[in-house]
Amino acid sequence: MDAPIPTLAQAARALAAREVSSVELTRACLTRIEQLDSTLNAFITVDADRALQTAAVSDQARARGEAGPLAGIPMAIKDLFCTEGLRTTCASRMLENFIPPYESTVTARLRAAGAVILGKTNMDEFAMGSSNETSYFGPVRNPWDTSRTPGGSSGGSAAAVAAGLCVAAIGTDTGGSIRQPAAMTGITGLKPTYGRVSRFGMIAFASSLDQAGPMTRDIRDAAMLLQVMAGHDPLDSTSIDTPVPDYVAALDRPVREWRIGVPEEYFSTGLHPEARAAIETALEVYRGLGAVIVPVSLPYTQHAIPTYYIIAPAEASSNLARYDGIRFGHRCDQPKDLKDLYARTRAEGFGPEVKRRIMLGTYVLSSGYYDAYYRKAQRVRRLIADDFSRAFRDHELSVILTPTAPECAFQLGEKNQDPVSMYLSDIFTINVNLAGLPALSLPCGFDAAGLPIGFQLIGRPLDESAILTMGHAYQQASDWHTVTPGISS
Ligand code: GLN
(Lines give C-alpha, C1' and ligand atoms only; values in the text may rest on other atoms or scores of the structure.)
Protein backbone atom coordinates (compact mmCIF):
# COMPACT_ATOMS: atom_id res chain seq x y z
CA MET A 1 0.00 0.00 0.00
CA ASP A 2 1.01 3.62 -0.48
CA ALA A 3 2.56 5.17 2.59
CA PRO A 4 0.21 7.71 4.14
CA ILE A 5 3.06 9.95 5.29
CA PRO A 6 5.88 10.96 2.90
CA THR A 7 9.58 10.29 3.40
CA LEU A 8 11.73 13.19 4.58
CA ALA A 9 13.08 13.84 1.08
CA GLN A 10 9.57 13.75 -0.41
CA ALA A 11 8.22 16.02 2.34
CA ALA A 12 11.07 18.50 1.92
CA ARG A 13 10.44 18.64 -1.82
CA ALA A 14 6.67 19.07 -1.41
CA LEU A 15 7.16 21.78 1.22
CA ALA A 16 9.64 23.64 -0.98
CA ALA A 17 7.26 23.42 -3.94
CA ARG A 18 4.43 24.70 -1.65
CA GLU A 19 2.38 21.62 -2.50
CA VAL A 20 1.85 21.08 1.19
CA SER A 21 2.32 23.27 4.27
CA SER A 22 4.04 22.24 7.45
CA VAL A 23 0.78 22.76 9.33
CA GLU A 24 -0.96 20.30 6.98
CA LEU A 25 1.83 17.75 7.30
CA THR A 26 1.95 18.12 11.08
CA ARG A 27 -1.81 17.78 11.29
CA ALA A 28 -1.66 14.62 9.16
CA CYS A 29 0.85 13.10 11.58
CA LEU A 30 -1.19 14.14 14.63
CA THR A 31 -4.27 12.54 13.06
CA ARG A 32 -2.36 9.29 12.47
CA ILE A 33 -1.16 9.40 16.08
CA GLU A 34 -4.73 9.89 17.29
CA GLN A 35 -5.96 6.98 15.17
CA LEU A 36 -3.19 4.49 15.81
CA ASP A 37 -1.27 5.27 18.95
CA SER A 38 -3.81 3.86 21.39
CA THR A 39 -2.86 0.54 19.74
CA LEU A 40 0.86 1.10 19.18
CA ASN A 41 1.80 3.09 22.34
CA ALA A 42 4.74 4.59 20.42
CA PHE A 43 4.53 7.98 22.15
CA ILE A 44 4.89 8.79 25.84
CA THR A 45 4.15 12.48 25.27
CA VAL A 46 2.53 14.15 22.27
CA ASP A 47 3.17 17.88 22.12
CA ALA A 48 0.40 18.70 19.63
CA ASP A 49 -0.12 22.40 20.39
CA ARG A 50 3.54 23.31 20.29
CA ALA A 51 4.08 21.21 17.17
CA LEU A 52 1.29 23.05 15.33
CA GLN A 53 2.65 26.42 16.51
CA THR A 54 6.15 25.54 15.31
CA ALA A 55 4.71 24.36 12.01
CA ALA A 56 2.84 27.64 11.55
CA VAL A 57 5.99 29.62 12.32
CA SER A 58 7.87 27.45 9.83
CA ASP A 59 5.28 28.12 7.11
CA GLN A 60 5.56 31.87 7.76
CA ALA A 61 9.36 31.72 7.61
CA ARG A 62 9.18 29.83 4.33
CA ALA A 63 6.85 32.45 2.90
CA ARG A 64 9.59 35.00 3.71
CA GLY A 65 12.10 32.80 1.89
CA GLU A 66 13.77 31.42 5.03
CA ALA A 67 13.93 27.64 5.29
CA GLY A 68 16.47 25.47 7.09
CA PRO A 69 17.28 21.96 5.81
CA LEU A 70 14.51 20.37 7.92
CA ALA A 71 12.07 23.26 7.77
CA GLY A 72 8.58 22.12 8.65
CA ILE A 73 9.39 18.39 8.94
CA PRO A 74 7.37 16.67 11.72
CA MET A 75 9.62 14.39 13.75
CA ALA A 76 9.51 12.16 16.84
CA ILE A 77 12.24 12.07 19.48
CA LYS A 78 13.15 9.20 21.79
CA ASP A 79 12.20 10.22 25.31
CA LEU A 80 15.76 10.40 26.63
CA PHE A 81 16.78 13.62 24.87
CA CYS A 82 16.28 16.53 27.22
CA THR A 83 13.79 18.96 25.69
CA GLU A 84 13.46 22.27 27.50
CA GLY A 85 10.00 22.65 28.99
CA LEU A 86 8.84 19.30 27.57
CA ARG A 87 8.60 16.29 29.88
CA THR A 88 11.45 13.80 29.43
CA THR A 89 10.91 10.52 31.24
CA CYS A 90 13.42 7.95 29.93
CA ALA A 91 10.37 5.67 30.24
CA SER A 92 11.00 5.50 33.98
CA ARG A 93 8.86 6.20 37.00
CA MET A 94 11.98 7.92 38.34
CA LEU A 95 11.60 10.71 35.77
CA GLU A 96 7.83 10.49 35.25
CA ASN A 97 7.38 14.21 35.93
CA PHE A 98 10.81 15.53 34.94
CA ILE A 99 10.75 18.71 32.87
CA PRO A 100 14.27 19.52 31.71
CA PRO A 101 15.53 23.08 32.15
CA TYR A 102 17.72 22.76 29.04
CA GLU A 103 17.81 21.31 25.54
CA SER A 104 20.00 18.48 24.23
CA THR A 105 22.40 19.39 21.42
CA VAL A 106 20.72 16.94 19.02
CA THR A 107 17.24 18.38 19.50
CA ALA A 108 18.63 21.94 19.49
CA ARG A 109 20.24 21.27 16.10
CA LEU A 110 17.07 19.69 14.71
CA ARG A 111 15.01 22.65 15.91
CA ALA A 112 17.53 25.13 14.48
CA ALA A 113 17.26 23.31 11.13
CA GLY A 114 13.50 23.87 11.27
CA ALA A 115 12.19 20.50 12.45
CA VAL A 116 8.79 20.29 14.15
CA ILE A 117 8.87 18.06 17.22
CA LEU A 118 5.64 16.08 17.52
CA GLY A 119 6.49 14.46 20.82
CA LYS A 120 8.62 12.00 22.75
CA THR A 121 8.67 8.31 21.95
CA ASN A 122 8.39 5.28 24.16
CA MET A 123 11.47 3.18 24.89
CA ASP A 124 12.86 0.62 27.30
CA GLU A 125 13.43 2.16 30.73
CA PHE A 126 16.73 4.08 30.60
CA ALA A 127 17.29 2.37 27.20
CA MET A 128 17.89 -0.99 28.89
CA GLY A 129 16.20 -3.67 26.86
CA SER A 130 15.62 -5.12 23.41
CA SER A 131 11.83 -5.26 23.22
CA ASN A 132 10.43 -2.06 24.74
CA GLU A 133 8.83 -4.14 27.47
CA THR A 134 10.82 -2.57 30.31
CA SER A 135 9.07 0.80 29.78
CA TYR A 136 7.18 2.15 32.80
CA PHE A 137 4.60 3.34 30.25
CA GLY A 138 3.92 -0.14 28.85
CA PRO A 139 5.25 -1.91 25.78
CA VAL A 140 5.16 -0.62 22.20
CA ARG A 141 3.47 -2.82 19.63
CA ASN A 142 4.94 -3.67 16.24
CA PRO A 143 2.85 -2.16 13.42
CA TRP A 144 3.47 -5.29 11.29
CA ASP A 145 1.88 -7.53 13.93
CA THR A 146 0.57 -5.90 17.08
CA SER A 147 1.05 -9.04 19.17
CA ARG A 148 4.80 -8.61 18.67
CA THR A 149 7.52 -6.31 19.94
CA PRO A 150 9.00 -3.64 17.66
CA GLY A 151 12.39 -4.36 19.23
CA GLY A 152 14.15 -2.01 21.59
CA SER A 153 15.17 0.14 23.16
CA SER A 154 14.15 2.74 20.54
CA GLY A 155 10.95 0.79 19.79
CA GLY A 156 8.66 3.81 19.99
CA SER A 157 10.66 5.72 17.38
CA ALA A 158 10.83 2.63 15.16
CA ALA A 159 7.09 1.94 15.35
CA ALA A 160 6.29 5.63 14.79
CA VAL A 161 8.35 5.72 11.58
CA ALA A 162 7.13 2.34 10.31
CA ALA A 163 3.46 3.19 10.92
CA GLY A 164 3.76 6.70 9.49
CA LEU A 165 3.03 8.62 12.69
CA CYS A 166 5.91 10.97 11.83
CA VAL A 167 8.17 11.65 8.87
CA ALA A 168 11.32 10.57 10.71
CA ALA A 169 12.56 9.93 14.24
CA ILE A 170 15.65 9.96 16.43
CA GLY A 171 16.82 7.05 18.54
CA THR A 172 19.89 6.10 20.53
CA ASP A 173 22.05 3.02 20.31
CA THR A 174 24.20 1.68 23.14
CA GLY A 175 24.23 -1.95 22.05
CA GLY A 176 21.87 -2.05 19.09
CA SER A 177 18.88 0.05 20.12
CA ILE A 178 18.57 1.87 16.80
CA ARG A 179 19.49 -0.98 14.45
CA GLN A 180 17.65 -3.91 16.04
CA PRO A 181 14.24 -2.13 16.20
CA ALA A 182 14.86 -0.75 12.70
CA ALA A 183 15.30 -4.33 11.45
CA MET A 184 12.20 -5.53 13.31
CA THR A 185 9.97 -2.78 11.90
CA GLY A 186 11.31 -2.65 8.33
CA ILE A 187 12.91 0.79 8.50
CA THR A 188 16.41 2.25 8.16
CA GLY A 189 18.38 3.02 11.34
CA LEU A 190 21.88 4.46 11.62
CA LYS A 191 24.24 4.46 14.60
CA PRO A 192 27.06 6.91 13.88
CA THR A 193 30.69 6.55 14.98
CA TYR A 194 31.07 7.11 18.73
CA GLY A 195 31.71 10.85 19.11
CA ARG A 196 30.28 11.88 15.73
CA VAL A 197 27.02 13.14 17.30
CA SER A 198 26.97 15.05 20.57
CA ARG A 199 25.68 13.26 23.66
CA PHE A 200 25.04 16.52 25.50
CA GLY A 201 21.57 16.42 27.03
CA MET A 202 21.04 12.75 26.24
CA ILE A 203 20.24 10.99 29.51
CA ALA A 204 23.21 8.68 30.04
CA PHE A 205 23.02 4.89 30.09
CA ALA A 206 26.57 3.72 29.28
CA SER A 207 28.56 6.80 28.35
CA SER A 208 31.35 5.06 26.41
CA LEU A 209 28.80 3.35 24.14
CA ASP A 210 25.78 5.67 23.75
CA GLN A 211 25.25 7.34 20.37
CA ALA A 212 22.24 9.11 18.85
CA GLY A 213 21.16 8.50 15.28
CA PRO A 214 18.39 8.77 12.70
CA MET A 215 15.53 6.28 12.23
CA THR A 216 13.94 6.82 8.85
CA ARG A 217 12.11 5.20 5.96
CA ASP A 218 15.17 5.15 3.74
CA ILE A 219 18.88 5.86 3.48
CA ARG A 220 18.51 9.27 1.86
CA ASP A 221 16.48 10.46 4.83
CA ALA A 222 19.10 9.08 7.23
CA ALA A 223 21.82 11.01 5.39
CA MET A 224 19.77 14.21 5.49
CA LEU A 225 19.25 13.89 9.25
CA LEU A 226 22.82 12.89 10.06
CA GLN A 227 23.97 15.98 8.16
CA VAL A 228 22.15 18.12 10.72
CA MET A 229 22.97 16.05 13.83
CA ALA A 230 26.69 15.45 13.29
CA GLY A 231 29.52 17.74 14.26
CA HIS A 232 31.70 18.88 17.10
CA ASP A 233 30.09 20.11 20.30
CA PRO A 234 32.22 21.74 23.00
CA LEU A 235 29.57 20.66 25.54
CA ASP A 236 30.47 16.96 25.02
CA SER A 237 34.10 16.18 25.78
CA THR A 238 33.98 12.97 23.72
CA SER A 239 32.60 14.73 20.65
CA ILE A 240 35.04 14.49 17.73
CA ASP A 241 36.34 17.75 16.28
CA THR A 242 36.55 16.93 12.61
CA PRO A 243 34.65 18.34 9.63
CA VAL A 244 31.31 16.79 8.66
CA PRO A 245 31.36 15.51 5.06
CA ASP A 246 28.46 15.98 2.65
CA TYR A 247 26.59 12.73 3.33
CA VAL A 248 23.83 13.39 0.81
CA ALA A 249 26.30 14.11 -2.00
CA ALA A 250 28.05 10.79 -1.23
CA LEU A 251 24.90 8.76 -1.85
CA ASP A 252 25.08 8.39 -5.60
CA ARG A 253 28.64 7.12 -5.92
CA PRO A 254 28.87 3.85 -7.87
CA VAL A 255 29.84 0.86 -5.69
CA ARG A 256 31.55 -1.12 -8.47
CA GLU A 257 34.62 -2.87 -7.04
CA TRP A 258 33.82 -1.79 -3.49
CA ARG A 259 34.83 -4.59 -1.16
CA ILE A 260 32.25 -5.99 1.26
CA GLY A 261 33.57 -8.14 4.11
CA VAL A 262 31.25 -10.92 5.27
CA PRO A 263 32.32 -12.36 8.66
CA GLU A 264 31.69 -16.08 8.96
CA GLU A 265 31.03 -15.84 12.72
CA TYR A 266 27.80 -13.90 12.10
CA PHE A 267 26.34 -16.62 9.92
CA SER A 268 27.16 -19.69 11.98
CA THR A 269 24.81 -20.22 14.91
CA GLY A 270 21.59 -18.66 16.01
CA LEU A 271 20.74 -16.95 12.73
CA HIS A 272 17.22 -17.76 11.57
CA PRO A 273 17.28 -19.56 8.17
CA GLU A 274 14.85 -17.10 6.58
CA ALA A 275 17.04 -14.17 7.64
CA ARG A 276 20.08 -15.95 6.24
CA ALA A 277 18.33 -16.52 2.89
CA ALA A 278 17.23 -12.87 2.64
CA ILE A 279 20.76 -11.67 3.41
CA GLU A 280 22.27 -14.01 0.86
CA THR A 281 19.91 -12.54 -1.71
CA ALA A 282 21.06 -9.04 -0.69
CA LEU A 283 24.65 -10.13 -1.29
CA GLU A 284 23.61 -11.21 -4.79
CA VAL A 285 22.23 -7.73 -5.39
CA TYR A 286 25.62 -6.27 -4.42
CA ARG A 287 27.42 -8.72 -6.68
CA GLY A 288 25.15 -7.57 -9.47
CA LEU A 289 26.20 -3.97 -8.77
CA GLY A 290 29.82 -4.97 -9.20
CA ALA A 291 30.83 -5.11 -5.53
CA VAL A 292 33.32 -7.75 -4.41
CA ILE A 293 32.27 -10.07 -1.57
CA VAL A 294 35.17 -11.03 0.70
CA PRO A 295 34.82 -13.73 3.40
CA VAL A 296 36.47 -12.49 6.61
CA SER A 297 36.80 -13.63 10.21
CA LEU A 298 36.15 -11.67 13.42
CA PRO A 299 37.21 -14.30 15.96
CA TYR A 300 36.38 -12.32 19.12
CA THR A 301 32.72 -11.94 18.12
CA GLN A 302 31.58 -14.59 20.61
CA HIS A 303 32.88 -12.53 23.54
CA ALA A 304 30.85 -9.43 22.75
CA ILE A 305 27.76 -10.18 24.84
CA PRO A 306 29.60 -11.02 28.10
CA THR A 307 31.93 -8.05 27.57
CA TYR A 308 29.06 -5.65 26.98
CA TYR A 309 27.10 -6.98 29.96
CA ILE A 310 29.99 -6.06 32.22
CA ILE A 311 30.90 -2.68 30.75
CA ALA A 312 27.39 -1.32 30.10
CA PRO A 313 26.02 -2.15 33.59
CA ALA A 314 29.22 -0.82 35.21
CA GLU A 315 28.76 2.53 33.51
CA ALA A 316 25.01 2.45 34.14
CA SER A 317 25.45 1.83 37.87
CA SER A 318 27.67 4.87 38.05
CA ASN A 319 25.46 7.09 35.83
CA LEU A 320 22.28 6.14 37.66
CA ALA A 321 23.72 6.97 41.08
CA ARG A 322 22.51 10.53 40.49
CA TYR A 323 18.86 9.50 41.02
CA ASP A 324 18.93 9.86 44.77
CA GLY A 325 15.59 11.55 45.41
CA ILE A 326 17.26 14.82 46.29
CA ARG A 327 18.08 16.73 43.14
CA PHE A 328 15.47 15.66 40.62
CA GLY A 329 13.01 12.93 39.79
CA HIS A 330 10.95 10.74 42.05
CA ARG A 331 11.21 11.06 45.85
CA CYS A 332 9.61 8.63 48.29
CA ASP A 333 7.07 9.87 50.85
CA GLN A 334 8.15 10.72 54.38
CA PRO A 335 11.62 9.20 54.56
CA LYS A 336 12.80 8.21 58.08
CA ASP A 337 16.36 9.27 57.41
CA LEU A 338 18.79 9.78 54.52
CA LYS A 339 19.39 6.09 53.97
CA ASP A 340 15.68 5.37 53.89
CA LEU A 341 15.25 8.23 51.39
CA TYR A 342 17.85 6.76 49.02
CA ALA A 343 16.67 3.19 49.38
CA ARG A 344 12.95 3.74 49.01
CA THR A 345 13.27 6.38 46.28
CA ARG A 346 15.36 4.02 44.17
CA ALA A 347 13.30 0.94 45.00
CA GLU A 348 10.14 2.76 43.91
CA GLY A 349 11.57 4.72 40.98
CA PHE A 350 13.41 2.03 39.05
CA GLY A 351 11.95 -1.05 37.35
CA PRO A 352 13.38 -4.59 37.62
CA GLU A 353 15.71 -4.48 34.58
CA VAL A 354 17.30 -1.21 35.68
CA LYS A 355 17.81 -2.63 39.18
CA ARG A 356 19.37 -5.76 37.70
CA ARG A 357 21.85 -3.64 35.73
CA ILE A 358 22.70 -1.47 38.75
CA MET A 359 23.39 -4.57 40.86
CA LEU A 360 25.46 -6.22 38.13
CA GLY A 361 27.42 -3.03 37.56
CA THR A 362 28.05 -2.35 41.22
CA TYR A 363 29.28 -5.91 41.64
CA VAL A 364 31.75 -5.84 38.75
CA LEU A 365 33.15 -2.50 39.93
CA SER A 366 33.54 -3.55 43.57
CA SER A 367 37.12 -3.75 44.81
CA GLY A 368 37.36 -7.56 44.98
CA TYR A 369 35.98 -8.09 41.47
CA TYR A 370 37.17 -5.08 39.50
CA ASP A 371 40.22 -6.81 38.01
CA ALA A 372 38.48 -10.10 37.36
CA TYR A 373 35.51 -8.57 35.55
CA TYR A 374 35.71 -4.89 34.68
CA ARG A 375 39.39 -4.66 33.76
CA LYS A 376 39.25 -7.94 31.86
CA ALA A 377 36.18 -6.78 29.94
CA GLN A 378 38.02 -3.61 28.93
CA ARG A 379 40.86 -5.73 27.57
CA VAL A 380 38.50 -7.93 25.57
CA ARG A 381 36.79 -4.79 24.28
CA ARG A 382 40.10 -3.76 22.77
CA LEU A 383 40.52 -7.19 21.14
CA ILE A 384 37.04 -6.89 19.61
CA ALA A 385 37.89 -3.44 18.21
CA ASP A 386 41.19 -4.81 16.85
CA ASP A 387 39.30 -7.60 15.07
CA PHE A 388 37.44 -4.99 13.04
CA SER A 389 40.47 -2.82 12.26
CA ARG A 390 42.45 -5.86 11.17
CA ALA A 391 39.66 -7.06 8.86
CA PHE A 392 39.19 -3.61 7.31
CA ARG A 393 42.93 -3.19 6.80
CA ASP A 394 44.01 -6.68 5.71
CA HIS A 395 41.18 -7.13 3.23
CA GLU A 396 40.95 -3.48 2.15
CA LEU A 397 37.24 -3.48 2.92
CA SER A 398 34.89 -0.58 2.30
CA VAL A 399 32.22 -2.02 4.60
CA ILE A 400 31.33 -5.18 6.52
CA LEU A 401 27.91 -6.78 5.98
CA THR A 402 26.14 -8.88 8.63
CA PRO A 403 22.64 -9.72 9.81
CA THR A 404 21.18 -7.10 12.19
CA ALA A 405 19.28 -9.46 14.48
CA PRO A 406 19.21 -13.24 14.81
CA GLU A 407 15.44 -13.43 14.28
CA CYS A 408 12.41 -11.36 13.30
CA ALA A 409 10.14 -9.54 15.76
CA PHE A 410 9.22 -11.89 18.61
CA GLN A 411 5.99 -12.05 20.60
CA LEU A 412 5.45 -9.64 23.47
CA GLY A 413 6.07 -11.62 26.65
CA GLU A 414 8.15 -14.26 24.85
CA LYS A 415 11.52 -13.36 26.36
CA ASN A 416 10.94 -10.90 29.17
CA GLN A 417 11.20 -13.50 31.91
CA ASP A 418 14.56 -14.67 30.58
CA PRO A 419 17.13 -11.86 30.57
CA VAL A 420 19.85 -13.93 28.90
CA SER A 421 17.73 -14.85 25.87
CA MET A 422 16.73 -11.16 25.65
CA TYR A 423 20.40 -10.13 25.79
CA LEU A 424 21.15 -12.44 22.85
CA SER A 425 18.92 -10.31 20.59
CA ASP A 426 21.84 -7.91 20.26
CA ILE A 427 24.48 -10.47 19.40
CA PHE A 428 25.15 -8.87 15.98
CA THR A 429 25.00 -5.23 17.00
CA ILE A 430 26.85 -4.97 20.31
CA ASN A 431 30.34 -5.52 18.87
CA VAL A 432 29.95 -2.39 16.81
CA ASN A 433 29.30 -0.26 19.91
CA LEU A 434 32.21 -1.83 21.75
CA ALA A 435 34.42 -0.89 18.78
CA GLY A 436 32.85 2.58 18.38
CA LEU A 437 32.14 2.05 14.66
CA PRO A 438 29.34 3.44 12.48
CA ALA A 439 26.69 0.96 11.33
CA LEU A 440 23.22 0.96 9.88
CA SER A 441 20.39 -1.49 9.40
CA LEU A 442 18.16 -1.58 6.35
CA PRO A 443 15.31 -3.84 5.26
CA CYS A 444 15.96 -6.76 2.88
CA GLY A 445 12.84 -8.89 2.92
CA PHE A 446 10.13 -10.56 4.97
CA ASP A 447 9.79 -13.95 6.63
CA ALA A 448 6.93 -16.34 5.92
CA ALA A 449 4.82 -14.60 8.57
CA GLY A 450 5.28 -11.25 6.81
CA LEU A 451 7.70 -9.81 9.37
CA PRO A 452 10.55 -7.57 8.19
CA ILE A 453 14.16 -8.78 7.99
CA GLY A 454 17.12 -6.40 8.07
CA PHE A 455 20.83 -6.50 7.39
CA GLN A 456 23.63 -4.42 8.84
CA LEU A 457 26.43 -2.46 7.14
CA ILE A 458 29.39 -1.57 9.34
CA GLY A 459 31.92 1.10 8.36
CA ARG A 460 35.41 2.24 9.30
CA PRO A 461 35.57 4.90 12.03
CA LEU A 462 33.95 8.15 10.80
CA ASP A 463 33.14 6.61 7.43
CA GLU A 464 29.37 7.00 7.65
CA SER A 465 29.53 8.01 3.98
CA ALA A 466 30.58 4.50 2.91
CA ILE A 467 27.71 2.70 4.65
CA LEU A 468 25.26 5.33 3.39
CA THR A 469 26.52 4.95 -0.19
CA MET A 470 26.32 1.16 0.03
CA GLY A 471 22.88 1.29 1.65
CA HIS A 472 21.60 3.70 -0.96
CA ALA A 473 22.93 1.54 -3.81
CA TYR A 474 20.95 -1.38 -2.36
CA GLN A 475 17.78 0.68 -1.98
CA GLN A 476 18.10 1.87 -5.58
CA ALA A 477 18.18 -1.78 -6.64
CA SER A 478 15.44 -3.09 -4.32
CA ASP A 479 12.12 -1.90 -2.95
CA TRP A 480 11.83 -3.51 0.49
CA HIS A 481 12.14 -0.10 2.11
CA THR A 482 9.06 1.17 0.27
CA VAL A 483 6.70 -1.45 1.72
CA THR A 484 4.77 -0.16 4.73
CA PRO A 485 2.56 -2.03 7.20
CA GLY A 486 -1.15 -2.00 6.49
CA ILE A 487 -2.09 -1.10 10.06
CA SER A 488 -5.47 0.55 10.60
CA SER A 489 -7.28 1.75 13.69
N1 GLN B 1 19.54 -4.23 24.32
C2 GLN B 1 20.79 -3.72 24.82
C3 GLN B 1 20.67 -3.48 26.30
O4 GLN B 1 19.68 -3.84 26.83
C5 GLN B 1 21.15 -2.45 24.10
C6 GLN B 1 20.34 -1.30 24.51
C7 GLN B 1 20.69 -0.04 23.80
O8 GLN B 1 21.32 -0.05 22.75
N9 GLN B 1 20.29 1.07 24.42
O10 GLN B 1 21.52 -2.97 26.93
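Check the entry above for the structure.
None of these values were measured; they are calculated from a predicted model.

(A) Looking closely at the overall build of the protein. A tally of helices and strands in the protein yields 15 helices and 11 strands. Computed over the C-alpha atoms, the radius of gyration of the protein is 21 Å, within 12% of the 23 Å expected from 2.2 N^0.38 for a compact globule of 489 residues. Taking the principal axes of its C-alpha atoms as reference, the protein extends roughly 65 × 55 × 45 Å. Out of the 489 residues in the protein, the part that is buried amounts to 60%.

(B) Local environment of the site of the ligand. Among the 15 residues in the neighbourhood of the ligand, the closest are listed as Gly175, Ser177, Tyr308, Arg357 and Asp426. Between the ligand and Gly129, the relevant distance is 2.9 Å, taken from an oxygen atom to a main-chain nitrogen or oxygen of the residue. Taking Ser177, its side chain carries an N or O atom lying 2.7 Å from an oxygen atom of the ligand. Starting from 290 Å² of accessible surface for the ligand in isolation, the protein chains cover 100%. The class makeup of the residues in the shell around the ligand is five nonpolar, seven polar and three charged.

(C) Highlighting the pattern of salt bridges. Inspection of the entire model under this criterion finds 18 salt bridges. The residue Arg375 makes a salt bridge to Asp371 at a minimum N-O spacing of 2.6 Å. Here the residue Arg375 and the residue Asp371 both occupy positions in helix H12 (residues 370-394), the gap between them amounting to four residues, near one helical turn. For Arg375, a relative accessible area of 39% translates into the label partly exposed. The network of salt bridges with shared partners includes Asp340, Arg344 and Glu348.

(D) Highlighting the packing of aromatic side chains. In this structure the tally under the stated criterion is 19 aromatic pairs. When the ring of Tyr286 is compared with that of Phe455, the centres are 6.2 Å apart and the planes differ by 90 degrees; the resulting orientation is edge-to-face. With a gap of 169 residues between them, Tyr286 in helix H8 (residues 273-288) and Phe455 in strand E11 (residues 452-459) connect regions that are remote in the sequence. Of the two residues, Tyr286 and Phe455, neither departs from the other in class, the shared state being buried. Every member of this aromatic cluster is reached through a ring pair, and the members are Phe98, Phe126, Tyr323, Phe328 and Phe350.

(E) Molecular detail of the sheet that holds strand E5 (residues 188-191). Spatial strand order, E1-E3-E2-E4-E6-E5-E10-E11-E9-E7-E8: 11 strands in an open sheet with mixed pairing. Since the sheet does not close on itself, it has two edges, and those belong to strand E1 (43-46) and strand E8 (292-296), each with one partner. Neighbour-to-neighbour, the strand axes of the sheet open up by a mean angle of 30 degrees, direction not taken into account. Inspection of the sheet shows E5 paired to strand E6 (residues 211-216) by two bridges, in the antiparallel sense. Residue pairing for E6: Gly189 is matched across the bridge by Met215.

(F) Highlighting the nonpolar core. Core analysis: the largest hydrophobic core is formed by 144 residues, its most contacted members being Leu70, Leu110, Phe126, Phe455, Leu457 and Leu468. The element contributing the most residues to this core is helix H9 (residues 304-319), with nine residues. Here Leu468 is in contact with Leu190, Ile219, Ala222, Ala223, Leu226, Tyr247, Leu251 and Leu440, once residues within four sequence places are set aside. If you look at the next biggest cluster of nonpolar residues, it comprises five residues, including Met184, Ala405, Ala409 and Met422.

(G) Region of interest: the packing of H9 against H12. Remark: H9 packs on H12, axes separated minimally by 9 Å, with the N-to-C direction vectors making an angle of 125 degrees. Viewed along their axes, H9 and H12 adopt a mutual orientation that is oblique. Seen along the crossing, H9 lies across H12 with a hand that is left-handed. For the pair H9 and H12, the contacting residues are Ala304, Thr307, Ile310, Ile311, Ala314 and Glu315 in the first and Tyr373, Tyr374, Ala377, Gln378, Val380, Arg381 and Ile384 in the second. In the contact of H9 with H12, the residues fall into nine nonpolar, two polar and two charged.

(H) A look at the side chain of Asn433. Residue position: Asn433 is located in helix H14 (residues 430-435). Residue Asn433 is classed as buried on the basis of its relative accessible area of 1%. Beyond its immediate sequence surroundings of up to four residues, Asn433 is in contact with Asp173, Thr174, Gly175, Gly176, Arg179, Lys191, Leu209 and Arg381.

(I) Fine view of helix H7 (residues 219-229). With nine of 11 residues buried, H7 lies mostly within the body of the structure. If you check which residues of H7 are buried, you get Ile219, Asp221, Ala222, Ala223, Met224, Leu225, Leu226, Val228 and Met229. For H7, the capping residue at the N-terminal end is Asp218, with a side-chain oxygen 3.3 Å from the backbone nitrogen of Arg220. Looking at the residues trailing H7, positive phi occurs at Gly231, about 130 degrees.

(J) Summary view of a nonpolar patch on the surface. Together, Ile326, Leu338 and Tyr342 make up an exposed nonpolar region whose accessible area comes to about 260 Å². Summarising the element assignment, Ile326 is placed in the loop between H9 and helix H10 (338-349). By relative accessible area, Ile326 is classed as partly exposed at 39%.

(K) Summary view of the packing of H8 against helix H15 (residues 464-477). Across the interface, H8 lies against H15 with an axial gap of 10 Å and an inter-helix angle of 95 degrees. With respect to each other, H8 and H15 are oriented roughly perpendicular. Of H15, the residues touching H8 (which contributes Ala282, Val285 and Tyr286) are Met470, Gly471, Tyr474 and Ala477. Tallied by class, the residues present in the contact of H8 with H15 amount to six nonpolar, one polar and no charged.

(L) Representation of helix H5 (residues 155-162) within the structure. Among the eight residues in H5, eight count as buried, and that is most of the element. Turning to H5, its buried residues number three or more, namely Gly155, Gly156, Ser157, Ala158, Ala159, Ala160, Val161 and Ala162. Looking at the buried positions of H5, the neighbouring elements they touch are E1, strand E2 (74-78), strand E3 (116-121), strand E4 (168-173), helix H6 (179-185) and E6. Positive backbone phi, at 70 degrees, marks Gly164, one or two positions downstream of H5.

(M) Structural detail: unusual backbone geometry. For the bond running from Gly152 to Ser153, omega is 5 degrees, close enough to zero to count as cis. Tracing the sequence through the fold places Ser153 in the loop between E3 and H5. Non-glycine residue Cys90 carries a positive phi angle of around 55 degrees. Tracing the sequence through the fold places Cys90 in the loop between E2 and helix H4 (105-112). Here Asn132, not a glycine, exhibits a phi torsion of approximately 70 degrees, which is positive.

Calculation notes
Residues numbered from 1 in each chain as written. Predicted model: local features only at pLDDT ≥ 70, side-chain atom pairs only at ≥ 80, totals over all residues. Heavy atoms only, no water. Helix = DSSP H or I, 4+ residues; strand = E, 2+ residues; numbered from the N terminus. Rg over C-alpha atoms; globule rule 2.2 N^0.38 Å. Buried < 20%, exposed > 50% of the residue type's maximum accessible area, 1.4 Å probe, protein only. Near = heavy atom within 4 Å. Polar contact = N/O pair within 3.5 Å; in protein donor to acceptor, adjacent residues only side chain to side chain. Areas by Shrake-Rupley, 256 points an atom, 1.4 Å probe, with all protein chains shown as cover. Nonpolar A, V, L, I, M, F, W, Y, C, P; charged D, E, K, R; others polar. Salt bridge = Lys/Arg side-chain N within 4 Å of Asp/Glu carboxyl O. Phe/Tyr/Trp six-rings, centres within 6.5 Å; stacked < 30°, edge-to-face > 60°. Pairing = 2+ DSSP bridges. Axes fitted to C-alpha atoms, helices over the stretch in contact; angles between N-to-C directions. Core = buried A, V, L, I, M, F, W, Y, C linked by side-chain atoms within 4.5 Å. Contact = heavy atoms within 4.5 Å. Parallel < 35°, antiparallel > 145°, perpendicular 65-115°, else oblique. Left-handed = near helix turned anticlockwise from the far one by under 90°. Patch = residues over 30% accessible without salt bridge, like charges linked within 9 Å, V, L, I, M, F, W, Y side chains within 5 Å.

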